[in-house]
Amino acid sequence: MADEQQSAVQAPAATGRWGPPPALTGFVVLLLAMFALAYGVGSAAGPVAPGMRSTVGDAGSSGQSGPGGSGSMDGHTGGDR
């Protein structure tokens with residue numbers, strides 16, 4: 001009986017091949033599937049704000065304060081209203 005228990009413990013180590021745990025493999029597959037699904041839905045939905053433009057390089061021409069400015073959308077810079 002002691003021989004049976006000892007051989008059962010040594011069987012996985014005897015293969016000499018390491019593999020990731022099944023739970024990790026399943027998690028990675030699920031993560032990739034969710035990313036692909038989200039990417040597909042985002043591509044089908046299109047841009048969220050089609051008229052929005054990047055502010056990189058356009059800071060002086062838009063009339064709004066650039067990086068580091070304290071202006072708000074309505075033109076006020078703070079203080080009492």
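Residues numbered from 1 in each chain as written. Predicted model: local features only at pLDDT ≥ 70, side-chain atom pairs only at ≥ 80, totals over all residues. Heavy atoms only, no water.

Draft legend 1. Representation of the overall build of the chain within the structure. Summing up its helical and strand segments, the chain has two helices and zero strands in all. Per-residue burial for the chain yields a buried fraction of 0% across its 81 residues. Of the roughly 7,600 Å² of accessible surface on the chain, 64% is carried by carbon and sulfur atoms. (Helix = DSSP H or I, 4+ residues; strand = E, 2+ residues; numbered from the N terminus. Buried < 20%, exposed > 50% of the residue type's maximum accessible area, 1.4 Å probe, protein only. Areas by Shrake-Rupley, 256 points an atom, 1.4 Å probe, with all protein chains shown as cover.)

Draft legend 2. Region of the structure containing helix α2 (residues 22–45). Its 24 residues give α2 an end-to-end C-alpha distance of 34 Å, which sits within 8% of 34 Å, the value for a rise of 1.5 Å per residue. With zero of its 24 residues buried, α2 lies for the most part at the surface. (Expected span 1.5 Å × (residues − 1).)

Draft legend 3. Region of interest: a nonpolar patch on the surface. Together, Leu24, Phe27, Val28, Leu31 and Leu32 make up an exposed nonpolar region whose accessible area comes to about 490 Å². A residue is classified by how much of its surface remains accessible, and Leu24, at 44% relative accessible area, is partly exposed. (Patch = residues over 30% accessible without salt bridge, like charges linked within 9 Å, V, L, I, M, F, W, Y side chains within 5 Å. Salt bridge = Lys/Arg side-chain N within 4 Å of Asp/Glu carboxyl O.)

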